[in-house]
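# Notes for the structure review
Below are the chains, spelled out letter by letter.
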Amino acid sequence: MKKLRLFAAEELALALRSRWTQIFALVFAALSAAVAGAGYVLSGGQGVQDFARTAVSLVQLVVLLVPLTALVIGVLSLAPERGAAELIYSQPVPRRTVLLGKLLGLFQALAAAQAMGFGAAGLLVYSQAGSEGVGGFVLLVLASLLTTAIFLGLAALLATGAVGRKRTRALALALVVWFVAVVLLDLAALGIASVLPSGPASRVLMVAAIVNPVGAVRTGALLGIEGTGAFGAASLALFRFTRGAGGVGVVLGASVLFWLVVPTLFALRRLRRADV
Amino acid sequence: MISFRSFSKSFGAQLAVDGLNLEVARGEVLALLGPNGSGKTTTLKAAAGLIVPSAGAVMLGEPPRSAQEPAAREVLSYLPQKVSFPDALTGREIVEFYRELRDLPGERVPKVMRFASLNGAGERMVGTYSGGMVQRLGLAVAMLPEAPVFLLDEPTAALDPDGLCAFDALVQHAREDGRAVLFTSHQLGDVERLADRFAILVGGRLVACLSASDLKDRLAERGVMRLRFAPVEGRDWTAEAVLPAVRPLAPAASWSGDELIVPGPASVRPRVLDLVRTLGIEVRGLTADEGQLGELYRELVAEAAPAHGEGAK
């Protein structure tokens, strides 16, 4: 554990000094504050939205920006240059300790960067609208952290195929993964659903929302914040499909758990056998 | 301390190292030579546990343990060919990180920083370092643990004269402490000065392994003695007069200008001198040059190259 913490601390220091992380923190803070402030503008200066409404508005920002930054910053950090990788992996430390430590450090750094954004939005909302609906806002923060962890695991999987080399290829793959998870899968599901009768169409949309990690986090967050009103009739269909609220929780939880654990396990397995 | 046991490594269809058997003992400095792509770096990386052997094994320490086991790597310190560090950390932070990783006492840090002449630059970000400074930082990190096994891949490539002195001292210190050092280099001067043994890889195969005394003998065989004689009135010291007498001892002897040139092993030279004296010739000048490692190396590589084709990865 001491070695793992050491790698985490080094990675945290590096990530906090990285201009990529700093840019992400500033952009995320600016956009979060803008989204929170937009409610004030839209209400004609009558006051900003409460925490719950702001959280719903921020969900889309989270699912767009957080996977992208976790993938890009993750691959850049977890696929070091050859000379650095050779020196690290020749140390008397298991490779899994190196990878898990670095993942932990990156997670801490990205969480700190997101804290700036959520903090800015949260302060703005609290100063204008009080603490009503703060539970939904906390749920969004948790969803954002889960998304970060999931996409860092995917970044690890891509990076371990490029230990000490092929870094550019891993970075390009990271962008492809982001595009597929955040944009393409939703579009494909909508396209398929549009040519199917309503029953099968809603099942396609529900399966797409469950299987895709972005969809699972988004669906879980919105249901958690807004309840069955989140998707109107589609929410009820989802509850029927999964046999009730407990079923929704289990299915979405299983999907998130799968994406949290499996890519990281594959990354560890890949790294164990990799020639550095 | 380091034992390659029928070690082979392939990258796809490319055979990089083929059935290498080689031992490096405690207190021994072994230089691994060979053309580019002959498998030197692959060999070192296998000993550092960085690549998985396709066949055979690489063992470290006493008792021997596979280099693939993290715990076995407690005994080793490795300096990669092109060492690099994160730009956003200072030299001291990097050395401190590796010190903590190896559970070493804090006083090692200033010691190795001083040894690698990095004291003045320790608080600067590595991104501001020159190539030679990064290499010296790599040496500092490699020196930290005082490990029984040292693996150094072209350690002198980017070093300035001060860095070279530090490296020489490091190797000398390691030898005196009874550590095993395995290093690669294309700088034959470094190799000849530092190594106790020389292994030559060509096309992934070990084609020669010479001890320092073997090497000395082989180089002496390639040596040349030059003799100049005092002129004596009425006597003819030309080639026609001297060469027929000398050639039974040194068949390659020749005459150039006013010099008798006697190539061949050093053991022949006293006998040639005795013969010359018995002919009543007074020797006015004598020089003897040993053979060059570079020549011997090129000869051994050329002998092996046709059999093994082009160098491996």
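In this text the structure is predicted, and so the values were computed from the model without any measurement.

What counts, and at which threshold
- Residues numbered from 1 in each chain as written.
- Chains lettered and ligands numbered in written order.
- Predicted model: local features only at pLDDT ≥ 70, side-chain atom pairs only at ≥ 80, totals over all residues.
- Heavy atoms only, no water.
- Helix = DSSP H or I, 4+ residues; strand = E, 2+ residues; numbered from the N terminus.
- Buried < 20%, exposed > 50% of the residue type's maximum accessible area, 1.4 Å probe, protein only.
- Contact = heavy atoms within 4.5 Å.
- Areas by Shrake-Rupley, 256 points an atom, 1.4 Å probe, with all protein chains shown as cover.
- Lys, Arg positive; Asp, Glu negative; His and termini not counted.
- Charge placed at Lys NZ, Arg CZ, Asp CG, Glu CD.
- Axes fitted to C-alpha atoms, helices over the stretch in contact; angles between N-to-C directions.
- Left-handed = near helix turned anticlockwise from the far one by under 90°.
- Nonpolar A, V, L, I, M, F, W, Y, C, P; charged D, E, K, R; others polar.
- Buried area = accessible area lost by both parts, 1.4 Å probe.
- Salt bridge = Lys/Arg side-chain N within 4 Å of Asp/Glu carboxyl O.
- Polar contact = N/O pair within 3.5 Å; in protein donor to acceptor, adjacent residues only side chain to side chain.
- Pairing = 2+ DSSP bridges.
- Domains from an automatic or database assignment.
- Phe/Tyr/Trp six-rings, centres within 6.5 Å; stacked < 30°, edge-to-face > 60°.

## Structural notes on the overall build of chain A
Within chain A, the regular secondary structure consists of 11 helices and 0 strands. Starting at the N terminus and ending at the C terminus, chain A contains elements arranged as α-α-α-α-α-α-α-α-α-α-α. Dimensions of chain A, computed from the C-alpha atoms along their principal axes, are close to 60 × 45 × 30 Å. Counting over 276 residues, chain A shows a buried share of 49%. Of the contacts made within chain A by residues no fewer than 6 positions apart, 82% connect residues no fewer than 24 positions apart. As displayed, chain A offers around 12200 Å² of accessible surface, 70% of which is attributable to carbon and sulfur atoms. Each charge class in chain A can be summarised by its mean position, and for the 22 positive and 9 negative side chains these summaries are 11 Å apart.

## Notes on the packing of helix 6 (residues 134–159) of chain A against helix 7 (residues 167–194) of chain A
Residues and elements named next belong to chain A. Packing of helix 6 against helix 7 leaves a shortest axis separation of 10 Å and a crossing angle of 140°. Between helix 6 and helix 7 the crossing geometry is right-handed. Facing F151, L154 and L158 of helix 6, the residues of helix 7 in contact are A170, L173, A174, V177 and A181. Of the residues contributing to the contact of helix 6 with helix 7, the split by class is 8 nonpolar, no polar and no charged.

## Focus on unusual backbone geometry
All names here are of chain B. The peptide bond linking E62 to P63 adopts the cis configuration, its omega dihedral lying at 0°. Mapped onto the fold, P63 is located in the loop between strand 4 (55–60) and strand 5 (65–66). Positioned with a positive phi, E146 is a non-glycine residue whose angle comes to about 50°. One can find E146 in the loop between helix 4 (131–143) and strand 7 (149–153). Look at E146 and you get partly exposed, because its relative accessible area is 39%.

## Here's the deal with the interface of chain A and chain B
Across the boundary between the two partners, chain A contributes 24 residues, which contact 31 residues of chain B. Between chain A and chain B the total buried area reaches about 2500 Å² when both faces are included, carbon and sulfur atoms providing 58% of it. Considering only the side of chain A, the residues that lose the most area to chain B are R17(A), L87(A) and P92(A), jointly responsible for 24% of the buried surface there. Here D103(B) and K3(A) are joined by a salt bridge, their closest N and O atoms 3.6 Å apart. Applying the counting criterion to the chain A and chain B interface returns 14 residue pairs in polar contact (both at pLDDT 80 or more). Those elements that place two or more of their residues in the side of chain A that touches chain B are helix 1 (2–17) and helix 4 (82–89) of chain A.

## Brief notes about the sheet that holds strand 9 (residues 197–202) of chain B
All names here are of chain B. Reading across from one edge, 6-7-8-3-9-10 is the order of the 6 strands in this open sheet, with mixed pairing throughout. Each edge of the sheet is formed by a strand with only one pairing partner; in this case those strands are strand 6 (76–79) and strand 10 (205–211). Within this sheet the neighbouring strands show an average axis-to-axis angle of 15°, counted without direction. Helix 1 (residues 40–47) rests against strand 3 (29–33), strand 6, strand 7, strand 8 (180–184) and strand 9 of the sheet, and its axis sits at about 150° to strand 7.

## Focus: the sheet that holds strand 12 (residues 254–256) of chain B
Residue and element names in this part refer to chain B. Sheet architecture is open: 4 strands sit in the order 12-13-11-14, paired in antiparallel fashion. The sheet is open, and its two borders are formed by strand 12 and strand 14 (283–289), each paired with just one other strand. Neighbour-to-neighbour, the strand axes of the sheet open up by a mean angle of 25°, direction not taken into account. Inspection of the sheet shows strand 11 (residues 224–229) paired to strand 13 (residues 259–263) by 5 bridges, in the antiparallel sense. Residue R228 lies in a different strand from strand 13, and its bridge partner there is E259. Where helix 8 (residues 239–246) meets the sheet, its contacts fall on strand 11, strand 12 and strand 13, and the angle it forms with strand 12 comes to roughly 150°.

## Describing the domain arrangement of chain B
With domains assigned, chain B is organised as domain 1 (2–210) and domain 2 (223–289). Measuring from the centre of the C-alpha atoms in domain 1 of chain B to the corresponding centre in domain 2 of chain B gives 48 Å.

## Details of the packing of aromatic side chains
Taken as a whole, this structure holds 10 aromatic pairs over all chains when the rule is applied. Arranged with centres 5.3 Å apart and planes meeting at 80°, the rings of F7(A) and F97(B) form a pair that is edge-to-face. In this pair, F7(A) sits in helix 1 while F97(B) sits in helix 2 (residues 91–101), so the two residues belong to two different chains. The same class applies to F7(A) and to F97(B), which are both buried. Plain terms: the ring middles of F118(A) and F137(A) are 6.0 Å apart, the flat faces sit at 90° to each other, and that makes the pair edge-to-face. Within this pair, whereas F118(A) is found in helix 5 (residues 95–129), its partner F137(A) is found in helix 6, the two being separated by 19 residues in sequence. On the basis of relative accessible area, F118(A) is assigned to the buried category, the value being 5%. Grouped by ring-pair contacts, the aromatic residues F24(A), F28(A), F51(A), F118(A) and F137(A) constitute a single cluster.

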